[in-house]
Amino acid sequence: AHTATEATPMATTLPAPLRTIKIVLITLTTILIRHTKALRVTPSMSVSTVASNLAEVKTKISSIVSENKKVRLVAVSKTKPSSLILECFKSGQVRFGENYVQELISKANFDTSNDVVDVELPDGIEWHFIGSLQSNKAANLVKGVGTALKVVETLATMKLANKLNRAVEEVRSSEENAGDYKLGVYIQVNTSGEDSKSGVSSIEDVISLAKDIHAQCPNLDFQGLMTIGAPGDVSCFDKLVQYRAELAQELGVDLLSLELSMGMSGDFEEAIKRGATNVRVGSTIFGERDYSTVNK
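Residues numbered from 1 in each chain as written. Predicted model: local features only at pLDDT ≥ 70, side-chain atom pairs only at ≥ 80, totals over all residues. Heavy atoms only, no water.

Colleague: Let's hear about helix α6 (residues 158-174): which residues, and what values?
Modeller: A rise of 1.5 Å per residue sets the reference length of α6, with its 17 residues, at 24 Å; its end C-alpha atoms lie 24 Å apart and thus fit the reference within 8%. Among the residues of α6, those classed as buried are M158, L160, A161, L164, N165, A167, V168 and V171. Turning to α6, the residues buried within the fold contact α5 (138-145), β4 (149-155), β5 (183-188), α7 (203-216) and β6 (220-226). (Helix = DSSP H or I, 4+ residues; strand = E, 2+ residues; numbered from the N terminus. Expected span 1.5 Å × (residues − 1). Buried < 20%, exposed > 50% of the residue type's maximum accessible area, 1.4 Å probe, protein only. Contact = heavy atoms within 4.5 Å.)

Encoded structure:
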């Protein structure tokens, strides 16, 4: 056993002034780390680069599209600051796509509590919602964005359709000059068969859903079909084209009255060649994304 006279090694003790400095440095470092995380700073392209990229994408689209055909460009701005959206808008881009409900509502309403909202966006911007939409968030989306929400591209169930339909009715009754507002919707089709992809799979289900929307949702404007497809598999585009033809025949409408939303940054040119009328291009315009900024 140790006796009282046997001393254990003593820890080195800093002089009081140095201990104070050490504590201050630790405190400042902790504050800096916390603030850096809170800011969630996203490295973004300069506004001039974004404008140049946008112009290049539009040039590529124009080089493919014939004079009697129009292709709509939806600039996918998810996770990107509103200042870059504003720059694209100033360059003539009107339609923007967002994937997350809260981020879109924040951008549409200049809610600066969301880190990606750094400038107020003007009237005239038209939004497409292109992400997975849970039915319990449908009302928040529609009422939070209002008539600036032009299209929900990811409709795949009547449950969601009914929620959207009811929310549009509320907007029409509460928002000024919204009496004739209808929300455009595309049916999302899972053309790749991947479990990770959402959407309706069979043409029978597509036809059934389209008919139900027409019959039960007077506040929705069914406009066409959308797919994401498997990377590099252009047969997914061909399948959506085929589904549109069969759907148009079943509904008794002009084939070209139904939109085909397909093609993203890596394959929008091929999608246009195969019949796309609506392409969703994001990283090619805005650069790579930092998903730490996401506020869903």
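Colleague: Could you give me a rundown of α5, with the residues and numbers involved?
Modeller: When we look at burial in α5, the residues that qualify are A138, L141, V142, G144 and V145. Lining the buried residues of α5 we find α4 (101-108), β3 (126-129), β4, α6 and β5. Looking one or two places after α5, you find G146, whose phi comes out positive at around 70°.

Colleague: Before we move on, could you go through the nonpolar core and cite the residues and values that matter?
Modeller: The biggest cluster of nonpolar side chains holds 68 residues, and the ones touching the most others in it are L149, L164, L183, I213 and I285. Tallying contributions element by element places α6 first for this core, with seven residues. Apart from residues lying up to four places away in sequence, I213 is in contact with L155, M158, A161, I187, L220 and F222. (Core = buried A, V, L, I, M, F, W, Y, C linked by side-chain atoms within 4.5 Å.)

Colleague: Hey, could you go over the confidence of the model for the protein chain for me, with residue numbers and the actual values?
Modeller: Residues at a pLDDT of 70 or more form 84% of the protein chain, whose mean pLDDT is 88. Contacts from residues 30-43, a stretch scored under 50 in pLDDT, to residues over four places away or in other chains number eleven contacts. (pLDDT = per-residue confidence, 0-100.)

Colleague: Explain the environment of E169 to me, using residue names and the numbers behind them.
Modeller: Here E169 is to be found in helix α6. Spatially, the C-alpha atom of E169 lies 8.7 Å from that of Y181, the residues being twelve residues apart in sequence.

Colleague: Lay out the packing of α6 against α7 in plain terms, naming residues and giving numbers.
Modeller: For the pair α6 and α7, interaxial distance at closest approach is 11 Å and the crossing angle is 25°. When the axes of α6 and α7 are compared, the pair comes out roughly parallel. In terms of crossing hand, the pair formed by α6 and α7 is right-handed. Only L209, D212, I213 and Q216 of α7 make contact with α6, whose side of the interface consists of M158, A161, N162 and N165. Split by residue class, the contact of α6 with α7 holds four nonpolar, three polar and one charged. (Axes fitted to C-alpha atoms, helices over the stretch in contact; angles between N-to-C directions. Parallel < 35°, antiparallel > 145°, perpendicular 65-115°, else oblique. Left-handed = near helix turned anticlockwise from the far one by under 90°. Nonpolar A, V, L, I, M, F, W, Y, C, P; charged D, E, K, R; others polar.)

Colleague: Any chance you could break down the packing of helix α2 (residues 47-64) against helix α3 (residues 82-90) for me, citing the residues and the numbers?
Modeller: Remark: α2 packs on α3, axes separated minimally by 9 Å, with the N-to-C direction vectors making an angle of 45°. By the criterion of interaxial angle, the relationship of α2 to α3 is oblique. Helix-helix and strand crossings are classified by hand; for α2 and α3 the assignment is right-handed. Here α2 contributes V47, V50, A51 and L54 to the contact with α3, which in turn contributes S83, L84, E87 and C88. Of the residues in the contact of α2 with α3, the class split is six nonpolar, one polar and one charged.

Colleague: Tell me about the pattern of salt bridges, and please be specific about residues and values.
Modeller: Counted according to the given criterion, the structure contains ten salt bridges. In this structure, K107 engages E98 in a salt bridge whose closest nitrogen and oxygen atoms are separated by 2.8 Å. We note a salt bridge from R274 to E270, for which the minimum N-O separation is 2.7 Å. According to the relative accessible area criterion, E270 is partly exposed, its value standing at 28%. Counted as one network, the salt bridges with shared partners bring together E98, E103 and K107. (Salt bridge = Lys/Arg side-chain N within 4 Å of Asp/Glu carboxyl O.)

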